[in-house]
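Now for the letters of each chain:
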Amino acid sequence: LQVDLWQPSSPFHIAEGTVADVRVPQNTTRSLLPFLQQENIHYTILISDLQEAIENQTGGRSHRNRRSLSGYNYEVYHSLEEIEDWMHYLNRTYSDLVHMFSVGKSYEGRPLYVLKLGKRSRPYKKAVWIDCGIHAREWIGPAFCQWFVKEALQTYQTDPDMRKMLTQLYFYVMPVFNVDGYHFSWTNDRFWRKTRSKNMRFHCHGVDANRNWKVKWCDEGASLHPCDDTYCGPFPESEPEVKAVAHFLRKHRKQIKAYLSFHAYAQMLLYPYSYKYATIPNFNCVESAAYNAVNALQSAYGVRYRYGPASSTLYVSSGSSMDWAYKNGIPYAFAFELRDTGHFGFLLPEMLIKPTCTETMLAVKNITLHLLKKCH
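Residues numbered from 1 in each chain as written. Predicted model: local features only at pLDDT ≥ 70, side-chain atom pairs only at ≥ 80, totals over all residues. Heavy atoms only, no water.

Participant: Kindly report on the environment of T187, identifying the contributing residues and their values.
Facilitator: Mapped onto the elements, T187 comes out in helix α7 (residues 179–187). Using a relative accessible area of 49% as the deciding quantity, one classes T187 as partly exposed. Sequence separation between T187 and T58 is 129 residues, and the spatial gap between their C-alpha atoms is 8.9 Å. Within the structure, the side chain of T187 is placed 2.7 Å from the side chain of N188, a separation counted as a polar contact. (Helix = DSSP H or I, 4+ residues; strand = E, 2+ residues; numbered from the N terminus. Buried < 20%, exposed > 50% of the residue type's maximum accessible area, 1.4 Å probe, protein only. Polar contact = N/O pair within 3.5 Å; in protein donor to acceptor, adjacent residues only side chain to side chain.)

Participant: Talk me through the state of the cysteines; I want residue IDs and the actual numbers.
Facilitator: This model, assessed by the stated rule, comprises three disulfides. Through a disulfide, C132 is tied to C145; the S-S separation comes to 2.2 Å. Its torsion about the S-S bond being 85°, the disulfide of C132 and C145 is classed as right-handed. Taken together, the residues span a long stretch of sequence, with C132 in strand β5 (residues 126–132) and C145 in helix α5 (residues 140–155) at a distance of 13 residues. (Disulfide = S-S within 2.5 Å.)

Participant: Tell me about the nonpolar core, residues and numbers included.
Facilitator: By size, the foremost hydrophobic cluster in this structure holds 103 residues, and its most contacted members are W129, F171 and F334. No other element matches the nine residues that α5 contributes to this core. Ignoring any residue separated from it by four or fewer positions in sequence, one finds F171 in contact with L115, K116, L117, V128, I130, F148, M165, L166 and T368. (Core = buried A, V, L, I, M, F, W, Y, C linked by side-chain atoms within 4.5 Å. Contact = heavy atoms within 4.5 Å.)

Participant: How would you summarise the confidence of the model for the protein if you had to cite specific residues and measurements?
Facilitator: When pLDDT is averaged along the protein, the result is 91; 91% of the residues meet or exceed 70. For residues 5–12, every residue scores under 50 in pLDDT, and the model assigns this stretch 15 contacts once sequence neighbours within four places are set aside. (pLDDT = per-residue confidence, 0-100.)

Participant: How would you explain the packing of helix α6 (residues 160–168) against helix α12 (residues 353–372) if you had to name every residue and give the values?
Facilitator: At their nearest, the axes of α6 and α12 sit 11 Å apart, and the two run at 55° to each other. By the angle between their axes, α6 is oblique relative to α12. Judged by the sense of rotation from one axis to the other, the crossing of α6 with α12 is left-handed. Judged by residue contacts, D161, M162, K164, M165 and Q168 of α6 engage M361, K365, T368, L369 and L372 from α12. (Axes fitted to C-alpha atoms, helices over the stretch in contact; angles between N-to-C directions. Parallel < 35°, antiparallel > 145°, perpendicular 65-115°, else oblique. Left-handed = near helix turned anticlockwise from the far one by under 90°.)

Participant: Describe the packing of helix α9 (residues 283–301) against α12, with residues and values.
Facilitator: Axis angle and axis distance: for two packed helices, these are the angle between their axes and the distance between the axes, and together they describe the pair. Relative to each other, α9 and α12 sit at 150°, their axes nearing to 8 Å. Taken together, the axes of α9 and α12 lie roughly antiparallel to each other. Considering only the axes of α9 and α12, their crossing is right-handed. On α12, the residues that touch C285, S288, A289, N292, A293, A296, L297, S299, A300 and Y301 of α9 are P355, T358, E359, T360, L362, A363, N366, I367 and H370.

Participant: So what's going on with the UniProt feature "domain: Peptidase M14" (unreviewed entry) in the protein? Residues and values would help.
Facilitator: If you check UniProt for "domain: Peptidase M14" (unreviewed entry), the listed places come out as residues 76–371 in our numbering. Along residues 76–371 one finds 37% helix and 19% strand; the C-alpha atoms at either end are 31 Å apart. (UniProt positions renumbered as here; feature names shortened; annotations may be inferred.)

Participant: Outline the sheet that holds strand β4 (residues 111–117), supporting the account with residue identities and numerical values.
Facilitator: Taken together, eight strands build an open sheet; the order of strands is β3-β4-β6-β5-β9-β12-β10-β11 and the sheet is mixed. Taken across any chain shown, the strands that pair with only one partner, and hence form the sheet edges, are β3 (98–105) and β11 (306–309). Strand-to-strand, the axes of this sheet are offset by a mean angle of 20°, without reference to chain direction. Pairing geometry for β5 and strand β6 (residues 169–174), over six bridges, is parallel. Each residue of the ladder has a partner; that of V128, found in β6, is F171. Against the sheet, α5 engages β3, β4, β5, β6, β9 (256–264) and β12 (332–338), with an angle of about 140° to β5. (Pairing = 2+ DSSP bridges.)

Written as structure tokens, this is what we have:
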């Protein structure tokens, strides 16, 4: 739970025994700390100067240095414009393995780009869908999507597993799902989560793009209030980004066998259901894939991920993309919650991009190879 003490709509009814991540303006710190001590509320200062931490990620390096496409730096966070330039560059440079296309337009009119990776070895191939950045502030997500594409292209010739994956499958990779929100998190509010659609009645922007899918829409774990971070929207697929991706996935549902969505933070690998406590029909297959994936991930740096059904491992939420994908016939549906467990939270430092992506890559390859083995 995150609380902004300067926002009048702050959710100040925090249940006893829960942990809250509180962002405090500098001028109120002196009065807040004695209050916390007086009320016997345990606290830890995680980041002493939040503004400085934000500026370290969005500024500092020259724009030109970030955007040199031939020497593109995968160990820094990139703006939407830089990511789109990079996608165009790959589309031109690796035409034998990359095809770039758009599935539609965002609320603010931006193209929703997807990279299709794979060898055109036969007319029909099974596919894996990967999306990152459904929630704008979770920058490590888009960083991983870019890392995945880099690894696929750079190791295709030398890694037998990668060659097998790109020969036998297509990968649809959407580096930034919520393009408007991601852009806004770079220009206005680093902690922005939702889309940027307007709500005239409440003068609040955005919908939680991971509560807007047509599966138990706006049930438990979603909000009907437009100013809330988990607002489900006025109706399912109200957001053009969700509608466009849902349309694409519906159209290709016979081909797409796995859906992988990347979020942050919590260090978890989740599978359906999110909206209820129940066991999915192909539980054994999915559970063994998750078990092997987190073990592969841990082998890199010893980082432990919890895994299991989203409802019992994380929390109950309705209208999620993962549940929707599973309900629409995609048998392997997973949501990753990447590093960390709360110290840096959404502000994961750039020095942790490489280890996070390296270990996550092992998990994704493991899931993909598991899929090719046809677990019944």
